[in-house]
Structures are given as C-alpha cells and as structure tokens.
Amino acid sequence: MKSDLFSSENLAQPAAAPGMTLQNAKSVKYTVNGEMLARQGSMVAFRGNLQFERKGQGIGGMLKRAVTGEGLALMSVRGQGEAWFAHQAANCFVIDFEPGDALTVNGRNVLCFDPTLSYEIKMVKGAGMAGGGLFNSLFTGTGKLAVICDGHPIIIPVTAQNPVYVDTDAVVGWSAQLETGLHRSQSVGSMLRGGSGEAVQLMLRGEGFVIVRPSEVTETAVAH
C-alpha cells in the first residue's frame, strides 16, 4: 500500500529515552517509565502497560474551577509504555524548565508535564473577579511542560517601561515574576453606546514576556 500518509514524518518511531518529545506540530509523545501528568481526555493513543486515573485538585482547586470555569483538570498516567497526547489539533510546544524558572500558564493551554514539575492554581493578583484569567497555573521546578495554542503564538517582551495589555481570553501564559492587574481601555460613554468589545485587559508589567494566542478563546476551545 502506497501513500504520502505513510511518510516517515508521520510514523511513530521507537522510544529513544523516557520522557516527552514532539511527535509532530499537533501532538506530543511521552515514553512513560513510572508516572506523568496530562490534561484529562487528551490521550489519543498508547501502547504498553499504562493506567490512567483522574487526579483531584483538592477542595480549594475544585472550588476555584467551579467559580471560574478555569483550572487544571488532570489525569495521572502510570506504568511503562508510550502515550500520545493532543487536543483539538492545537499546536503543541515543549518547554524545558531549568532551576529557577517559573511560568504562569492558563489551565486551558496545559497538555502534559513531567512529575518533577510543581504546579499550583493561583489567583492572578490584581485581576479582581473579572476576566477568564482569574485563576491560572504556576509551574516551577525542573522538567518539561507541553502547552497547546490555537494557531501560532505571539511572544511579546514585557518591560517595566512598556507594560503589555492582553485580552484575558487570548492569553496563554507569562513570566511568573511579572506584576499583573486589570486595565480598562473603554470609556463609560463608549460602553453605554454598545461598547467596542475590548473593555478590560490583563496588564503585565516588569521584566519578562507574555504568550498570546492569535484569537480569543471560544466555548468550543475550552471544552474538556
């Protein structure tokens, strides 16, 4: 049987070493030897002796998820084998954390990660009770994290002199040391006349970067 479908770039290769690699732009392969963590429902295939179990966030985490609709719904993958992860054909990126690194990521953009990474669902300081980014996941430690993004991400440098304002429905993540707050860019008069559709943004100030997706999130995109 002959077809471009069977080209070498589409074929799953034998595992070279335990851990995470990109299978292609839309999926991640993880060679499991013990345990790893992944977004619930993101496994698309596996082989070997693996068990998948829902991982709770604790009472506090579940409360935050119930209030905001955000959060980090995870499953634990244990055993020995290989698993492939993807979510709605979104682009996948692997981030390698070194000692001292810290990244805040929107829960809807997390695909899978090494168990050596620590994560905590935290309130975004200065965000009040508005915007889809009220709670996000703070990752620290050493290891690899796979994130997803609809379309090609935009990486914007942030400085103390030039803060960046991003739509809370478009932000993927940002340097954890950045100062955050809400910014209102629409006048009351404009709001009374129907508004511009860009009333409030997340403000980021300091030294670092912010990752933005090239579209605002939709109900379909956030479905788990």
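Residues numbered from 1 in each chain as written. Predicted model: local features only at pLDDT ≥ 70, side-chain atom pairs only at ≥ 80, totals over all residues. Heavy atoms only, no water.

S.K.: What should I look at first to understand the nonpolar core in this one?
M.R.: Taken as a class, soluble globular proteins show a tendency for nonpolar side chains to be buried jointly. Within the largest apolar cluster, 17 residues are counted, with the highest numbers of intra-cluster contacts made by V28, M36, F85, L111 and C112. At the level of elements, β2 (27-39), β4 (74-85), β7 (110-113) and β10 (143-149) are the ones that each hand at least two residues to this core. For this core, the element with the most residues is β2, which contributes 5 residues. Core analysis: the second largest hydrophobic core is formed by 14 residues, L37, L72, L74 and V105 among them. (Core = buried A, V, L, I, M, F, W, Y, C linked by side-chain atoms within 4.5 Å. Buried < 20%, exposed > 50% of the residue type's maximum accessible area, 1.4 Å probe, protein only. Helix = DSSP H or I, 4+ residues; strand = E, 2+ residues; numbered from the N terminus.)

S.K.: Help me out: how do you make sense of unusual backbone geometry in this one?
M.R.: Negative phi is the rule for most residues except glycine; trans is the rule for most peptide bonds. With a phi close to 50°, Q88 is a non-glycine residue in the positive phi region. Its place among the elements puts Q88 in the loop between β4 and β5 (91-97). Q88 sits in the partly exposed class, given a relative accessible area of 45%. The backbone of A89 shows a phi angle near 60°, a positive value even though the residue is not glycine.

S.K.: When you look at the side chain of S137 in this model, what are you seeing that I'm missing?
M.R.: Position of S137 relative to the elements: it lies in strand β9 (residues 135-141). Judged by its relative accessible area of 1%, S137 is buried.

S.K.: So what exactly am I meant to see when it comes to the sheet that holds strand β15 (residues 200-205) here?
M.R.: For sheets, the rule is that strands pair by backbone hydrogen bonds, running either parallel or antiparallel. With respect to topology, 3 strands assemble into an open sheet ordered β12-β15-β14, the strand pairing being antiparallel. Every interior strand has two partners, whereas the edge strands, β12 (164-166) and β14 (179-184), have only one. Averaged over all pairs of adjacent strands, the angle between their axes in this sheet comes to 35°, without regard to strand direction. Where β14 meets β15, 6 bridges bridge the pair, whose relative direction is antiparallel. Following the sheet pairing, T180 is matched in β15 by L204. (Pairing = 2+ DSSP bridges. Axes fitted to C-alpha atoms, helices over the stretch in contact; angles between N-to-C directions.)

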